[in-house]
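Remarks on the overall topology
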Amino acid sequence: MAKYHLNVAHLYGDLLNTYGDVGNLLALEYYAKQMDVELKTEVISLDQPFEKNHFDLTFFGGGQDFEQKIVSKDIQKKKNDLTDYIENDGPLLAICGGYQLLGQYYVGADGEKIPGIGAMSHYTETQDNNRFIGDITIQNEETGETYHGFENHNGMTFLGEDERPLGKVLKGKGNNGGDASEGVVYKNVFGSYFHGPILTRNGELAKRLLLIALHRKYPDVDFSQQEALVIEPTF
Amino acid sequence: MTIKSAIATTAGKSSYWFLHTFLKGGSSLPGKITAALDPDILKTLGANYDVIVITGTNGKTLTTALTVKVLGAKYDHILTNSAGSNMEQGIITAFLTDKRKKNERPLAILEVDEANVIKVTQYITPKAFVLTNIFRDQMDRYGEIYTTYKKIIDGIKLAPEATIIANGDAPIFHSIDLPNPFVFYGFNHEEETESLAPTNTDGVLCPVCQHILHYKIRTYANLGKYYCPNCHFSRPELDYQLTSLLEQTPTSSRFIIDGQPMEIHVGGLYNIYNALAAYAVGRFLDVGPAAISNTLSEDDEQVFGRQELIQVDDKEITLILVKNPVGLDQVLDMIATDTEPFSLAFLLNANYADGIDTSWIWDGNFEQLTQMNIPQFMTGGERYKDVSFRFKVAGVTDDQLIKEPDVSKVVDQLKSFPTKHIYVLATYTAVLQLRKSLASDGYIKEGM
């Protein structure tokens, strides 16, 4: 039996699960085990409420246009709870479509403007007949960590004033191919266009998410042992 | 034949003769030359044939080969295109080089790439289309499943009278109304129980009302006896059905279709679907069930080429091409049916032909393999680090794992494995590299 327990929400895991996104959950479990933490993961999908006080960690992946559009309607019902969760420093990892849907809006490949939940200030435009596809490397300017991944997106995302990028693009295109930013950090939300999946190639980020969740759930516990966990390079 | 077509045909045929005789190749260039001289050439070449078009994401090649075998029971001569020549030019070459007898109306069974269906139907009206499945496939190159299906439909719309022989277990093939007659095949082999597809499955939304589909029988991925709990959308009535699954091993399957026992010498549930598709085409063209069963049960190495058994000294190596998540998961399920001890290697490259995005390896259920006492794992290819970590997360320990980035050294490593059975999963260019190395050591003949 593990000493610590975290409840993980996998938002729309049955609909948004392209590009091996599930690897993020497998990586979280892999590192959690080494930190004496057990994860209990639950898919929260269409017509199901998001219980903001129940979950300690949330993952929100990307999907195909059709599924994403269905999700964009359903998620409006979870908007308030998700916004409260984010504002209360709940840790959340959002990839691609999930990242876009937390923001103001995104424009689909067919030109239709689809509202997000507006919990965050970024917005996403479309590019004509082009996608950013290829290997990408970024550097997080606060931690100095380098992250490796693969991007494959049509959307061009622009960050708001209160948001900062997950990293500066060293190789690849990033959020919009223009301002050298990739992904977003806002409170304890991490958004990114990285597949790979992001946590399997960048264990430091998995560790960071787990530690945030642990400190938030167990504020009086000393996690220095967990903090000392050495992440072996995997890429 | 117009003068233009005649010149184009002659030019194409002579280039094929030249390439074939002197360079031992030439599957698409003759078609390219011919099409350049006469863009409408397929209309001329295909005019006298009854054409069956086989398309879908996975299983095209084997379904085509099996269908040719099945129809061989009735037709003396069948035109088909070789694997990998499923685009317009390869198809033109196949027609150019066909040696049909005069005065007969021959049959052409063509494997056609999803996006190239329309390039065929612009010139030829097929008698039938066979739709195997549509899965997520190398998404750095292809689009999503709905886009892929749309491309096929665009081609089918030019032939509204052709019969569509479709996998009835795939919800997507029941999602768009078409004037064509439909024939469906599928599985009815289990008692019905209520279930949902596993979380990581693609294409589980009802196309009518966008609720999540439920299943009464589910075979794999999103295939099965599906229904929508919110509206009337459900699996269509099946015209041909598999009623029992008797036995599955990594190298064979036994089952019953419409009361007729069958055996095929290839493992994997997905290959049973391919056999079922071939059966449906056979029945559609009036071949009897017993005759189909006879042809399918022949152990024909050329037909089952993608999954290849290679003897390396005392080791039996099964080399399997993997390219997308559903295919990978099916291969893992098939390997899991081996009753002998075995080892496993995965060679991952990320060249254009492999798919430059390697994230799909995370969709394979490797976790099931670590429960099976596999003594030796190996990772290789330029992206061996990605697979190594995938194995590690699945539960493979460091002492069970050999890493060999250089594919040319893989064969030597395999010789010292502790088991006689070894499965090597590899992406396209890694298969080529491994075959090259096996050929230079004399274990197989040169060529693909």
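A quick note: this is a predicted structure, and the numbers were derived from the prediction, not measured.

This next bit is on the interface of chain B and chain A. Taken together, the contact pairs 30 residues of chain B with 32 residues of chain A. When chain B packs against chain A, close to 2800 Å² is buried across both sides, 60% of that on carbon and sulfur atoms. Across the contact surface, chain B and chain A share two salt bridges. Across the pair R201 of chain A and D386 of chain B runs a salt bridge whose closest N-O atoms are separated by 2.9 Å. On inspection of chain B and its partner chain A, the count reaches eleven residue pairs in polar contact (both at pLDDT 80 or more). Only α7 (145–156) and α11 (384–394) of chain B provide two or more residues apiece to the side of chain B that touches chain A. Top element by residues in the side of chain B that touches chain A is α11 of chain B. It accounts for six residues. Here the side of chain B that touches chain A is composed, by residue class, of ten nonpolar, eight polar and twelve charged.

A few words now on a nonpolar patch on the surface. Residues I3, I7 and L37 of chain B make up a contiguous nonpolar surface patch of about 310 Å² in total accessible area. Within the fold, I7 of chain B resides in helix α1 (residues 3–23).

Residues and elements named next belong to chain B. Counting through the fold element by element, T295 comes out in helix α9 (residues 289–296). For the pair T295 and L71, spaced 224 residues apart in the sequence, the C-alpha separation amounts to 8.8 Å. Sequence-distant contacts of T295, defined by excluding residues within four places in its chain, comprise K69, V70 and A73.

All names here are of chain B. At their nearest, the axes of helix α4 (residues 60–71) and α9 sit 8 Å apart, and the two run at 125 degrees to each other. One element, α4, and the other, α9, form an angle in the oblique class. As for the relative orientation of α4 and α9, their crossing is right-handed in sense. Between α4 and α9, the residues in contact are L66, K69 and V70 and I292, T295 and L296, respectively. Taken together, the residues of the contact of α4 with α9 break down into four nonpolar, one polar and one charged.

For the rest of this paragraph, the subject is the UniProt feature "domain: CobB/CobQ-like glutamine amidotransferase" (unreviewed entry) in chain A. Summarizing the sequence annotation, UniProt attributes the feature "domain: CobB/CobQ-like glutamine amidotransferase" (unreviewed entry) to residues 7–202 of chain A in the numbering used throughout. When the span residues 7–202 of chain A is considered, its composition is 21% helix and 33% strand, and the gap between its end C-alpha atoms is 22 Å.

Bringing the state of the cysteines into the picture now. Residues and elements named next belong to chain B. Tallying each qualifying case throughout the model produces zero disulfides over all chains. You can see C209 has no disulfide; the closest cysteine sulfur is in C228, sitting 3.5 Å from it. Given the relative accessible area of 3%, C228 is considered buried.

Analysis parameters
- Residues numbered from 1 in each chain as written.
- Chains lettered and ligands numbered in written order.
- Predicted model: local features only at pLDDT ≥ 70, side-chain atom pairs only at ≥ 80, totals over all residues.
- Heavy atoms only, no water.
- Contact = heavy atoms within 4.5 Å.
- Buried area = accessible area lost by both parts, 1.4 Å probe.
- Salt bridge = Lys/Arg side-chain N within 4 Å of Asp/Glu carboxyl O.
- Polar contact = N/O pair within 3.5 Å; in protein donor to acceptor, adjacent residues only side chain to side chain.
- Helix = DSSP H or I, 4+ residues; strand = E, 2+ residues; numbered from the N terminus.
- Nonpolar A, V, L, I, M, F, W, Y, C, P; charged D, E, K, R; others polar.
- Patch = residues over 30% accessible without salt bridge, like charges linked within 9 Å, V, L, I, M, F, W, Y side chains within 5 Å.
- Areas by Shrake-Rupley, 256 points an atom, 1.4 Å probe, with all protein chains shown as cover.
- Axes fitted to C-alpha atoms, helices over the stretch in contact; angles between N-to-C directions.
- Parallel < 35°, antiparallel > 145°, perpendicular 65-115°, else oblique.
- Left-handed = near helix turned anticlockwise from the far one by under 90°.
- UniProt positions renumbered as here; feature names shortened; annotations may be inferred.
- Disulfide = S-S within 2.5 Å.
- Buried < 20%, exposed > 50% of the residue type's maximum accessible area, 1.4 Å probe, protein only.

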